[in-house]
Amino acid sequence: MTETPQTHTPPPPNGADPAFAPYKPRSPEYRLAADALRGLRQDLFTGAFAYRPLPRMAVDGPVTRRLGGRLGEYASWTPHALIAAAGFLALLVSSTTHGGGNLGLLVGLFTLAPVVLTMVRPVLAFWASLVATLIGAVLDGGYNDWPWPPGAFFSHLVVLAVVAIRTRPRTAAWTWALTAVYGFFAESLFGWGHYTTNTAPMLVVSALVLLAITIWHIRREAEQEVTAQQTVTAHERSRRTLLEERTTIARELHDVVAHHMSVVAIQAEAAPYRVENPPPELERAFATIRENAVAALTELRRVLGVVRAEDYEAPDAPQPTLADLDALLANVRDAGLDTGKTVTGAVRELPQGVELSAYRIVQEALSNTLRHAPGASARVEIGYVLGGLGLRIVNGPPPEPSLVNPARHPAATPEGGLRPHPSIGAGHGITGMRERVSMLNGEMTAGPTDEGGYEVTVFLPVPAASEGDA
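Residues numbered from 1 in each chain as written. Predicted model: local features only at pLDDT ≥ 70, side-chain atom pairs only at ≥ 80, totals over all residues. Heavy atoms only, no water.

### Considerations on the overall build of the protein
Okay, step 1: Scanning the protein from N- to C-terminus turns up 13 helices and 5 strands.
Okay, step 2: When each of the 470 residues of the protein is scored for burial, the buried share is 36%.
Okay, step 3: Once local pairs closer than 6 in sequence are excluded, the contacts in the protein between residues at least 24 apart make up 71%.
Okay, step 4: Put simply, the protein shows about 28,500 Å² of open surface, and 61% of that area lies on carbon and sulfur atoms. (Helix = DSSP H or I, 4+ residues; strand = E, 2+ residues; numbered from the N terminus. Buried < 20%, exposed > 50% of the residue type's maximum accessible area, 1.4 Å probe, protein only. Contact = heavy atoms within 4.5 Å. Areas by Shrake-Rupley, 256 points an atom, 1.4 Å probe, with all protein chains shown as cover.)

### Digging into the packing of helix α4 (residues 101-117) against helix α5 (residues 122-140)
Okay, step 1: The N-to-C vectors of α4 and α5 enclose an angle of 165°; their axes lie 7 Å apart at closest approach. It follows that α4 is roughly antiparallel to α5 by the angle criterion. Relative to α5, α4 is oriented so that their crossing is left-handed. On α5, the residues that touch Leu103, Leu106, Val107, Phe110, Pro114 and Leu117 of α4 are Pro122, Leu124, Ala125, Ala128, Ser129, Ala132, Ile135, Gly136 and Leu139.
Okay, step 2: A breakdown of the residues in the contact of α4 with α5 according to their chemical character gives 13 nonpolar, 2 polar and no charged. (Axes fitted to C-alpha atoms, helices over the stretch in contact; angles between N-to-C directions. Parallel < 35°, antiparallel > 145°, perpendicular 65-115°, else oblique. Left-handed = near helix turned anticlockwise from the far one by under 90°. Nonpolar A, V, L, I, M, F, W, Y, C, P; charged D, E, K, R; others polar.)

### Overview of helix α7 (residues 169-190)
Because an α-helix completes one turn every 3.6 residues, residues spaced three or four positions apart along the sequence face the same direction.
Okay, step 1: For α7, which comprises 22 residues, the first-to-last C-alpha distance of 31 Å matches the rise-based estimate of 32 Å (1.5 Å per residue) to within 8%.
Okay, step 2: Of the residues making up α7, those classed as buried are Thr171, Ala172, Trp174, Thr175, Thr179, Ala180, Tyr182, Gly183 and Ala186. (Expected span 1.5 Å × (residues − 1).)

### Focus: the UniProt feature "transmembrane region" (unreviewed entry) in the protein
Okay, step 1: Cross-referencing UniProt, the feature "transmembrane region" (unreviewed entry) maps to residues 74-93, 99-117, 148-165, 172-193 and 199-218 in the present numbering.
Okay, step 2: This span, residues 199-218, is 100% helix and 0% strand, and a straight line between its end C-alpha atoms measures 28 Å. (UniProt positions renumbered as here; feature names shortened; annotations may be inferred.)

### Section: the packing of aromatic side chains
Okay, step 1: The final tally for this structure, using the stated rule, is 4 aromatic pairs.
Okay, step 2: Ring centres of Phe126 and Trp127 lie 5.4 Å apart, and the angle between their planes is 65°; this geometry places the pair in the edge-to-face category.
Okay, step 3: A residue is classified by how much of its surface remains accessible, and Phe126, at 1% relative accessible area, is buried.
Okay, step 4: Taking the relative accessible area as the measure of exposure, Trp127 reaches 25% and is therefore partly exposed.
Okay, step 5: Ring centres of Phe184 and Phe185 lie 5.6 Å apart, and the angle between their planes is 80°; on these two criteria the pair is classed as edge-to-face.
Okay, step 6: An aromatic cluster is present here, built from Phe45, Phe126 and Trp127 joined pairwise through their rings. (Phe/Tyr/Trp six-rings, centres within 6.5 Å; stacked < 30°, edge-to-face > 60°.)

### Let's talk about the sheet that holds strand β2 (residues 377-385)
Okay, step 1: In space, the 5 strands of this open sheet follow the order β1-β2-β3-β5-β4, with mixed pairing throughout. Edge strands, defined here as strands with exactly one partner in the open sheet, are β1 (338-344) and β4 (443-448). Between one strand and the next, the sheet's axes are offset by a mean angle of 10°, whatever the strand orientation.
Okay, step 2: In this structure, β2 lies alongside strand β3 (residues 388-395), joined through 8 bridges in antiparallel fashion. Bridged to Ile382 within β3 is Leu391.
Okay, step 3: Along the sheet, helix α10 (residues 325-334) contacts β1 and β2; its crossing angle with β1, the most-contacted strand, is approximately 160°.
Okay, step 4: In this fold helix α12 (residues 430-439) packs onto β4 and β5 (454-461), with an angle of close to 160° to the strand it touches most, β4. (Pairing = 2+ DSSP bridges.)

### So, the pattern of salt bridges
Okay, step 1: Going through the model one piece at a time under the given rule, you end up with 8 salt bridges.
Okay, step 2: The residue Lys341 makes a salt bridge to Asp326 at a minimum N-O spacing of 2.7 Å. Taken together, the positions of Lys341 in strand β1 and Asp326 in helix α10 put the pair 15 residues apart, joining distant regions of the chain.
Okay, step 3: Here Glu381 ties to Arg379 by a salt bridge, and the two come within 2.9 Å at their closest N and O atoms.
Okay, step 4: By relative accessible area, which is 25% here, Glu381 ends up partly exposed.
Okay, step 5: On the accessibility criterion, Arg379 (35% relative accessible area) is partly exposed.
Okay, step 6: Through salt bridges with shared partners, one network takes in Arg379, Glu381, Arg392 and Glu455. (Salt bridge = Lys/Arg side-chain N within 4 Å of Asp/Glu carboxyl O.)

### Observations regarding a nonpolar patch on the surface
Okay, step 1: A grouping of Val181, Phe184, Phe185, Leu189 and Phe190 is seen on the molecular surface, where their side chains present a nonpolar patch of about 530 Å² in accessible area.
Okay, step 2: For Val181, the location among the structural elements is in helix α7. (Patch = residues over 30% accessible without salt bridge, like charges linked within 9 Å, V, L, I, M, F, W, Y side chains within 5 Å.)

### Considerations on the nonpolar core
Okay, step 1: With 31 residues, the main nonpolar core has Leu366 and Leu391 as its most contacted residues.
Okay, step 2: Contributing elements (two or more residues each) for this core: α10, α11 (352-372), β2, β3, α12 and β5.
Okay, step 3: With residues up to four places along the chain from it excluded, the contact list for Leu366 reads Leu328, Leu329, Val332, Leu337, Thr339, Ala378, Val380 and Ile393. (Core = buried A, V, L, I, M, F, W, Y, C linked by side-chain atoms within 4.5 Å.)

### Examining the environment of Thr171
Okay, step 1: Turning to its location among the elements, Thr171 is positioned in helix α7.
Okay, step 2: Between the alpha carbons of Thr171 and Leu160 there is a distance of 10.0 Å; along the sequence they are 11 residues apart.
Okay, step 3: Discounting chain neighbours no more than four positions away, the residues touching Thr171 are Asp43, Leu44 and Val163.

### A few points about the side chain of Thr339
Okay, step 1: Residue placement: Thr339 occurs in strand β1.
Okay, step 2: Assessed through its relative accessible area of 4%, Thr339 is described here as buried.
Okay, step 3: Only 3.1 Å separates the side chain of Thr339 from the backbone oxygen of Leu337, close enough to count as a polar contact.
Okay, step 4: With residues near it in sequence (within four places) discarded, Thr339 still touches Leu329, Val332, Arg333, Leu366, Ala378 and Val380. (Polar contact = N/O pair within 3.5 Å; in protein donor to acceptor, adjacent residues only side chain to side chain.)

### Considering unusual backbone geometry
Working note: non-glycine residues mostly have negative phi, and peptide bonds are mostly trans.
Okay, step 1: Of note, the bond from Trp146 into Pro147 is cis; its omega dihedral lies within 30 degrees of zero at 5°.
Okay, step 2: For Pro147, the location among the structural elements is in the loop between α5 and α6 (150-166).
Okay, step 3: Positive phi, normally seen in glycine, also occurs at Asn441, with a value near 60°.
Okay, step 4: Mapped onto the elements, Asn441 comes out in the loop between α12 and β4.

### Structural notes on the packing of α5 against α7
Okay, step 1: Running from N to C, α5 and α7 cross one another at 20°; their axes reach a closest spacing of 11 Å. Taken as axis vectors, α5 and α7 run roughly parallel relative to one another. Pair α5 / α7 crosses with right-handed handedness. Here Phe126, Trp127, Leu130, Thr133 and Leu134 of α5 lie close against α7, whose contacting residues are Thr175, Leu178, Thr179 and Tyr182.
Okay, step 2: Per-class residue counts for the contact of α5 with α7 are 6 nonpolar, 3 polar and no charged.

Written out as structure tokens, the structure reads:
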């Protein structure tokens, strides 16, 4: 018995087969209409009864910020008070136009309810306003102002405005379109018995109001987007500055580590010659130590090549230490900064990484003084204590430009002012200092002084073993 293989026939093009009718491509007009109806259902029907209380206003504005205590708390309820005032104004207009009495009060309550409802359920308030408008027009019984009596006219404008403010522009467009549909049908079906109609004024005035609110929405969103972008840019700039500073520290510490590894390699190579008839095991051990030190130096050079900037030039001189601090102070004095130095405690040699970091911290602090307080005096205090090294760099406030003699002050301008001196630092100010202190598990504080200057205080711990070795 043989089986006949079944072949699959592809569907005919252009949806000729009724089985493939659902897959027939839709026209752009159809998709546009479908999207519009979907948006209408989403904006004005889905979640129309959702509870959305009106939030209180922020009191961080230029005017409300000055209000303190109970006045500031009352100011946060300003939107609620404005909506309530508009609702009672609509109530007053409706009651007056209907001659007062119970009928006027009833019509006024119908105009008040939608306005108040916008504070908790804005979309439902729009539908309630259309219903209240119809009821008010029926109870009015007059022959003018159809289909919006004066109170309902004002109430519906307020509702449209509040709904537009509390929702997105697409929802405002739908409310205006449904208002136009209601006015068109009301005038077409029942407007023949009235002298005047006001659908056109309603549409023109509401369009202007909604246009102004839409522009406000767009501007606020643009401001929020700009603020968010500025925040991201500042964060990225801070992160880039941090990475650049860490790269600088890594390049500087490479010289320190390379020096120590070179000493290890040389000592491991020379050690067997200092011992008479060393055993082969000891020679192999020293040879292994030297090979590992040389390999570590090679890897360090590769790492330095990775973190080296394109314009980086290898320094000709060794990395500075605290012994070079006097030359730094002489340099900043030539730049116009009156600087003094005080050393307390027993001066001793510290690990090279600590000496380098301490020098850079002093350099950056003095550079900040030259940049932000030209003409001020500064003082550098170095304290050698039992557990490490303490630094304190403090500067006074900049002098008044009128008190500066251009002929005597290096940082003075011919006009009598002071010019900021180019930075002598190697990093990014406070960020670089904090990174160096954090690398050594130290502590740092920086902030303005009571006299109007600035103070940087740093403590760099030094292990007891290193102190003993020194």
